[in-house]
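Listed below are the residues making up each chain.
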Amino acid sequence: MAHETTACPLDCYDGCEAILEDSKLKALKGCHTQGFLCPHLNHYEEHTRIRSARYKGEEISISEALKLLSEMIDENLKSETLFYKGSGNFALMQDVTEHFFASIGATLTDGSLCDGAGEAGIIEGRGSNKNMPYSEIEKSDVVIFWGRNPHTTSSHLLPLIKGKKIIVIDPVETQIAKMADLFIQIRPHADLYLAMLIVRFLHINDMCDEEFLEEYASEFEDYYELTQTVRIKAVLEEIGASLGDIGQILDMLYNKKVAIVVGVGVQKYSDGADVLRAIDTILVALGLFGKEGCGVAYLGNSKEGLDTPFYTHAKRVSKVNTAFDEFKTVFIQGANPLAQMPNTSRVLDAIEHTSNVVYFGLYENETSKRANLVIPAKTFLEKNDIRTSYAHNGMMKMKAQKESEIGISEYELASYLCKVYGVELKSEEEYLAYFANFGVKKISGCFEVEKRENTPYKEGFDTDDGEFVFLEEFDPINMERNGKYLITPKSAISLNSQFQREKYVYLHSSCGFKEGDMIHISSENGVVVLPLKYNDALREDCVLIYSGTPGVNHLTPSKHSLDGKCAIYQESFVTISLEGFAK
Ligand SMILES: Nc1nc2c(c(=O)[nH]1)N[C@H]1C(S)=C(S)[C@@H](COP(=O)(O)OP(=O)(O)OC[C@H]3O[C@@H](n4cnc5c(=O)[nH]c(N)nc54)[C@H](O)[C@@H]3O)O[C@H]1N2
Ligand SMILES: Nc1nc2c(c(=O)[nH]1)N[C@H]1C(S)=C(S)[C@@H](COP(=O)(O)OP(=O)(O)OC[C@H]3O[C@@H](n4cnc5c(=O)[nH]c(N)nc54)[C@H](O)[C@@H]3O)O[C@H]1N2
Ligand code: SF4
Ligand SMILES: [Mo]
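Residues numbered from 1 in each chain as written. Chains lettered and ligands numbered in written order. Predicted model: local features only at pLDDT ≥ 70, side-chain atom pairs only at ≥ 80, totals over all residues. Heavy atoms only, no water.

Peer 1: Looking at this structure, I do not really get the state of the cysteines. What am I missing?
Peer 2: Among covalent bonds in proteins, the disulfide is the one between the sulfur atoms of two cysteines. Taken as a whole and assessed by the stated rule, the structure comprises one disulfide. Each disulfide pairs two cysteine sulfurs, and for Cys 31 the partner residue is Cys 446, the sulfurs being separated by 2.1 Å. Around the S-S axis, the bridge from Cys 31 to Cys 446 shows a dihedral of about -90 degrees and counts as left-handed. Of this pair, Cys 31 sits in the loop between β3 (24-27) and α1 (39-42) while Cys 446 is found in the loop between β19 (439-441) and β20 (447-449), placing the two residues 415 residues apart along the sequence. Residue Cys 31 is classed as partly exposed on the basis of its relative accessible area of 34%. Distance from the sulfur of Cys 542, which forms no disulfide, to the nearest cysteine sulfur (Cys 511) is 13 Å. Free cysteine Cys 566: the closest other cysteine sulfur is in Cys 114, separated by 7.2 Å. Judged by relative accessible area, Cys 566 falls into the buried class, the value being 0%. (Disulfide = S-S within 2.5 Å. Helix = DSSP H or I, 4+ residues; strand = E, 2+ residues; numbered from the N terminus. Buried < 20%, exposed > 50% of the residue type's maximum accessible area, 1.4 Å probe, protein only.)

See below:
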C-alpha cells in the first residue's frame, strides 16, 4: 500500500523528502530531493535513543514525568521557568511547546548559535533576508562557495552544479576546493577584506553595472572610498590571496550569472554581519540581485512566508549566554547546550546551580546526563509534522511512518500542559492544516511556500527607499596572531552533537607533534585535551576541531556578535602544547 511521505527533520539546508519502505528510509526523487539521502538518515535508526523517562536517575513513566514537570513549573513564578529550544528537529509543530510556555508567562530565548550575525548583515543591506533557493543556483554559470562545505552540509546541491565554474574561498582545502577552478585558501576571519577588494577592483576595471547602481545603490561611490582604506599589497599577503586571484575572480564573474553560496563559517566572529554585507556588495556592484540564476544563497529564514498560529510573546534571554541558574526550572527541548553553547565551563557551572533541569530529546548527551528530569521524545518517524527549509522554497509534509511505544511528541506534551494550565490549544490537524495553507502546488507538482520568490529583489531592495544600504565603516581586522586560529566546522558523521561524535583535534602535519599525541589546546576561555590527527588540507596557522566534538566549546567565548546577537565561536585564538608540558 502506498503511504504518505515524510521529510528529514534535521537542521540541514536540504530538507529531503523520504518514505519508510520495508523498514528502510528511502529518498524521494523529484521535488526537493535527488533520490538519495545522506549518511545521517541512512543510519538514522541505528542510533541508541532514550527509551524511558527518568527522574533523578530512577526510571519513571511518561505520565509521572509530565506530572513532575507541571509540579516544577508550579513551584515558582512563571517567569522563573526558562524554555530553551535547540535545532534538533526543524519542523514547524516543534514550536507548539513554545506556545504553552509563552502563554503561561515563562521566559523564552532569542539570539542565535548559528547564522544570526550573517543574517543581521544581510538585513542591514537589503532590508530583509530573502534567500536564493537551490532551484536558482542550478541556473547560474559560476558558483562561489564562500566558507561553505557542500559535500558535508548540503550534498543535494552537488548534482545541481555540474558543469559550472567553481570558486572556493575557505581556510580548508575541502572536497569542493579540490574540484574548483579557483581556490583561495584564505586566512580565517579575513573575508571582509577580500570582499571589499573584489569590489574595489570591479570599480577600477569598469566592471560595475552603473545603471543598476544608480537605481538601487546610489551610495556606491562612498563604499568605493571605504574599500580604498584597505591596503592592497599588505593585506593580500596577509590573507592568503594574490592580485592574480582577484583578477581571475573578476574574469570569471564578469557578464555571468553568479551564485555566491555562503555558509556560517565566515560569520562566527564579532563582525560577522559586516562580512555578509560585504559579500552581498559584490553582487550589488555587478547588478546581479533580482536576476535569474544570480544571488547570494546563505541560510534564509526557514519560516519566511509563514505566520505562526502559536503565541510567542514573551520575555526573552539570549541563547548565547543565558544564565541558566537565574531560573528555577529550565526546560530544554531538541538541544544539547552543554556541548553546543559557547563557554562550556560557564554553562556547566550554571546548570549545576539550577534546581530543575528538564531534558526533552532523543539521545543521551552531556545535557541529558545532568538533567534531573529526562523525557524521551518521539522521532520524526513516529509523529506528524510539516517542514520548510532555509535553502529551498519547498514545503514538505511529514506523515508518521510507524508507531512506537517510546516517548511522547511535542504536541502531546504541550497538550497535557495546556490542559493543566487552561491554555487554549487547537487540534494537531488544525495546526498542520494552518501551516499547509501557506503552501501551494506548483505546475511541477511540488509544494512550495506560496509567498517565497525564486528571484527576490526584482523591484529593488526591501529597505525604506528600495536601495541597498552599504557598510559605512568597519573594524580593521587584527592581523596579529596571538596563537592559532580555531576553526570549528561541521562534521560529516555528526549533525552538531547528534549521531557519531568526532573526538580529535586536527593540525597540519608540520605542527611538530605526532599523530595520536594528546594535545592540550587552550584559549582565554578554557582548555580541552584531544588526540591529534594530521590534516594537510589545513593551513598551518589553523587548529580544526569539528562542531559536536566533546569539549570544543570549553575554548569558545560566550560573547555576542556586534549585530545579530549571535555566538562568535571562532573569535578566540588558541595555543597548543603536548599534554603535561602546558605552561
Ligand atoms: N554533516 C553535517 N551537516 C550539517 C551540520 C552538521 O553538523 N553536520 N550542521 C548543520 C548546521 S546547524 C548548519 S548551520 C550548516 C552549516 O553549513 P556550513 O556553513 O557549510 O558549515 P561549516 O562547516 O560550519 O562551515 C563551512 C566552511 O566554512 C569554513 N570556514 C571556517 N571559518 C572560515 C572563515 O573565517 N572564512 C571562510 N571563508 N571560511 C571559513 C570551514 O572551513 C568550512 O569548510 O550545516 C548543517 N548541515
Ligand atoms: N564550537 C561550535 N559550536 C557550535 C557550532 C559550531 O560550528 N562550532 N555550531 C552551532 C550551530 S550552527 C548550531 S545550529 C548549534 C546546534 O546546537 P543544538 O541545537 O544544541 O543541536 P544538537 O547538538 O544537534 O542537539 C540536538 C538535540 O535535539 C534532540 N532531538 C532531535 N530530534 C528531536 C525531536 O524530534 N524532538 C525533541 N524534543 N528533541 C529532538 C537530540 O536528542 C539532540 O540532542 O550548535 C552550535 N554550536
Ligand atoms: S542531506 Fe540533510 S535533509 Fe537530506 S537526509 Fe541528510 S540531513 Fe536530512
Ligand atoms: Mo546551525
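Peer 1: Any chance you could explain the site of ligand 2 here in plain terms?
Peer 2: The local shell around ligand 2 holds 33 residues, among which Glu 410, Thr 488, Lys 490, Ser 497 and Asn 553 are the closest. At 2.9 Å from an oxygen atom of ligand 2 is found a side-chain nitrogen or oxygen belonging to Asn 89. At a separation of 2.8 Å, a nitrogen atom of ligand 2 approaches a polar side-chain atom of Lys 490. In the complex, 97% of the free accessible area of ligand 2, which totals 920 Å², lies under the protein chains. Of the residues belonging to the shell around ligand 2, the class tally is 10 nonpolar, 17 polar and six charged. Two domains each provide a minimum of three residues to the shell around ligand 2, namely domain 1 (6-112 + 308-448) and domain 3 (484-582). (Near = heavy atom within 4 Å. Polar contact = N/O pair within 3.5 Å; in protein donor to acceptor, adjacent residues only side chain to side chain. Areas by Shrake-Rupley, 256 points an atom, 1.4 Å probe, with all protein chains shown as cover. Nonpolar A, V, L, I, M, F, W, Y, C, P; charged D, E, K, R; others polar. Domains from an automatic or database assignment.)

Peer 1: Got a minute to help me understand the domain arrangement of the protein in this structure?
Peer 2: The accessible area lost on association of the parts is a frequent measure of interface size. If you check the domain split of the protein, you get domain 1 (6-112 + 308-448), domain 2 (116-297) and domain 3 (484-582). Here domain 1 and domain 3 have C-alpha centroids that lie 28 Å from each other. Listed by partner, the interface residues are 24 residues for domain 1 and 25 residues for domain 3. Note on domain 1 versus domain 3: buried area summed over both sides is about 2,000 Å², and carbon and sulfur give 50% of it. In this assembly, domain 1 and domain 3 are joined by two salt bridges. (Contact = heavy atoms within 4.5 Å. Buried area = accessible area lost by both parts, 1.4 Å probe. Salt bridge = Lys/Arg side-chain N within 4 Å of Asp/Glu carboxyl O.)

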